[in-house]
Amino acid sequence: MPSPEIYDVTIIGGGPVGLLLAYQLTRFDLSVCLVEKQDKDTPEGRYGRAITMFPRTLELLDQLDLVHPMLQQGFPGKVWTFMENIQGTVFDFALVLRQMYTEDILRERLDKKRVSYHASMECVGFEIGLDDSEYPVTVHCSGPGGMMTAKSKYLVGADGGHSLVRRYANIPFDGDSSEDQWIRIDGIVETNMPINRAYGAIETTTHGNVLWAPLDHGATRIGYAYTPEIAAKYPEGVTEEVAVNEAIACLRPFSLEFKEVHWWTLYKIGQRMARTFATHNNRVFICGDAAHTHSSGAAQGLNTGIHDAVNLAWKLALEVHGLSHPEVLDTYTTERQSAVQRLLNYDKDISLLMTHKWPAWYDGDPNADPNVLLGEIFNNAAPFNTGLGISYEANVINQAWESSTEAAVGVQPGTRAPDTELTTPGTFQSVRMHQVLRNRCQFHAIVFTGGDIKTSKLELVPLREYLDSHPELSRHPAIAWLTVCGSADCSPYEVLGMTGFGDTYFDARGIAHYAYKLDPRKGMLVVIRPDGLIAFTCALDGETIWQHFSRILRSQPQETC
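Quick notes on the rules
Residues numbered from 1 in each chain as written. Predicted model: local features only at pLDDT ≥ 70, side-chain atom pairs only at ≥ 80, totals over all residues. Heavy atoms only, no water. UniProt positions renumbered as here; feature names shortened; annotations may be inferred. Axes fitted to C-alpha atoms, helices over the stretch in contact; angles between N-to-C directions. Helix = DSSP H or I, 4+ residues; strand = E, 2+ residues; numbered from the N terminus. Parallel < 35°, antiparallel > 145°, perpendicular 65-115°, else oblique. Left-handed = near helix turned anticlockwise from the far one by under 90°. Contact = heavy atoms within 4.5 Å. Pairing = 2+ DSSP bridges. Expected span 1.5 Å × (residues − 1). Buried < 20%, exposed > 50% of the residue type's maximum accessible area, 1.4 Å probe, protein only. Nonpolar A, V, L, I, M, F, W, Y, C, P; charged D, E, K, R; others polar. Salt bridge = Lys/Arg side-chain N within 4 Å of Asp/Glu carboxyl O.

The protein chain has the name FAD-binding domain-containing protein in an unreviewed UniProt entry, where Aspergillus tubingensis is given as its organism. As recorded by UniProt, the Sequence similarities (unreviewed entry) comment attached to the protein chain reads in full: "Belongs to the PheA/TfdB FAD monooxygenase family."

Below you can see the structure in the form of structure tokens.
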């Protein structure tokens, strides 16, 4: 056998989650072996289920410089009524883009010098060495060209609901499947339905709550419940012809004609979650459908997988570079499992209601319209559905206030950092906070100064002196400094009376201070994680700031991200 190939990370699964993870890891200067079982150039490997990306997902992709090509191809829309009043983000819509196009974009953006992509290869096993080897993970893969062995520091399974990595790692997959079945079918259609290029749900008595989704490139997706009554009509099973015929039937009295069928599927509804997302002393991880499965009713599958990949990538990169404490990597499982568990509980309810069944907890009128309750649940879960309200509990990264007098001040750790307006020096052009906060494997330490710069200097000068004498904080490769000044002048130096902490932006109207719930009369520090969530906030005191960071980061960095 040929000598093993050596990488920082081996990823099994080349779908959108695996591709996004590989893209980020190489962006953070890691080498990656990416193994995909399918040949994505064949027709059967081209289409998939995932189509919808919600606002928070688009924000994450934007911070990774990926959203532009997706906006060029995708179909934007409000999707459900709960999205009609979204505020605080420029991505106040959902983007519909079929998985094949998302994957094409991600594959094209991979750093070919750092990623070795193996198509038509399957993981057949792996071992974790018991010694102190730098590359303790050995992965064996098989393909048409023979065997391939890769040695790496870490292994990630992004290989779907039937994940081989999860099974080989002996991670239990808890949950259950129902007998309910749904059909999804994509293609080019013609119909006399008046509004047919808008996302909608069609209430029927025969096919449940029917999905109607305009897709990219002029296509449409139709989804409906494959009920026992419908199944009884087809004792020989489901074929493409059956899927088309029932799609036509569920749209009556409107006409429907398929000019092309691109893809269709029949699947059972179930909710499952892996008991842990990491094992073998954090040498093996799983994400995406390998870690959790659920229905497509809320269109959260791709979004949840992307959130997994973004959460894991920067933590893994900091660990490989020797910049963070091991406890940081532990938070991948705890943070993502909490979000996924909420999704599974929610998904059980909506998948039942979409099939005209009542959840077990429902004690209302059994003859009522399930779609009414379905709409209420969607509206109540709007912050979760859009992703803008997803948050994590306190941990080694998300550090709560320690001073009781300041406990109610500022944005809360573990929540999304507001995307607010700033202005640039000189031109005074408007720029969004998220445009500044690019995900580059660094925490953004933002010094917010008060509007009265004379008062602010009383805080800024001691902080400058502390940073000048503490390079472990001022020049740490995992910390990027930034200044948001509560007043404006022709240049940062003129308004601050000193050089700013990193790049300086103005907030003379107090928009950013208000969004971050800060007192405009005093200076404060807000630290934002690489994935755009709040890590902690505190006063502009160097020792306090380093105490917070020292719980997350190593004081003697070995390498730069």
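Asker: Let's hear about the packing of helix α1 (residues 16-27) against helix α8 (residues 301-320): which residues, and what values?
Answerer: At their nearest, the axes of α1 and α8 sit 9 Å apart, and the two run at 25 degrees to each other. The angle between α1 and α8 places the two elements in the roughly parallel class. The handedness of the crossing between α1 and α8 comes out as right-handed. On α8, the residues that touch P16, V17, L20, L21, Q24 and L25 of α1 are L302, G305, I306, A309, V310, L312, A313 and L316.

Asker: Report on the sheet that holds strand β14 (residues 256-274), specifying residues and quantitative values.
Answerer: The strand order β11-β12-β13-β10-β14-β17 describes an open sheet built from 6 strands, whose pairing is antiparallel. Looking at strand neighbours, the two that pair on one side only are β11 (200-203) and β17 (292-293), the edges of this open sheet. Across the face of the sheet, helix α7 (residues 240-250) comes into contact with β10 (173-191), β12 (209-214), β13 (220-225) and β14 while running at roughly 95 degrees to β14.

Asker: Lay out α1 in plain terms, naming residues and giving numbers.
Answerer: End to end, α1 covers 16 Å across 12 residues, agreeing with the expected 16 Å (1.5 Å per residue, within 8%). The buried fraction of α1 is high, at 11 of 12 residues. Those residues of α1 that fall on the buried side of the exposure criterion are P16, V17, G18, L19, L20, L21, A22, Y23, Q24, L25 and T26. With its phi angle positive at about 70 degrees, D29 sits one or two positions after the end of α1.

Asker: If you had to explain the packing of helix α2 (residues 55-63) against α8 to someone new, which residues and values would you point to?
Answerer: Orientation of α2 relative to α8, taken along the N-to-C sense of each, is 35 degrees, at an axis distance of 10 Å. The hand of the α2/α8 crossing is left-handed. Judged by residue contacts, R56, T57, L60 and L61 of α2 engage N303, I306, H307 and V310 from α8. Its residues assigned to classes, the contact of α2 with α8 comprises 4 nonpolar, 3 polar and 1 charged.

Asker: Which residues make up the pattern of salt bridges, and what values do they have?
Answerer: Using the criterion set out here, one finds 28 salt bridges in the structure. Note that K78 is salt-bridged to D92, the shortest N-O span being 3.4 Å. Taken together, the residues span a long stretch of sequence, with K78 in the loop between β4 (75-77) and β5 (94-96) and D92 in the loop between β4 and β5 at a distance of 14 residues. Judged by its relative accessible area of 34%, K78 is partly exposed. Look at D92 and you get partly exposed, because its relative accessible area is 27%. Salt bridges sharing partners connect three or more residues here, namely R27, D62, D65, D419, R432, R438 and R440.

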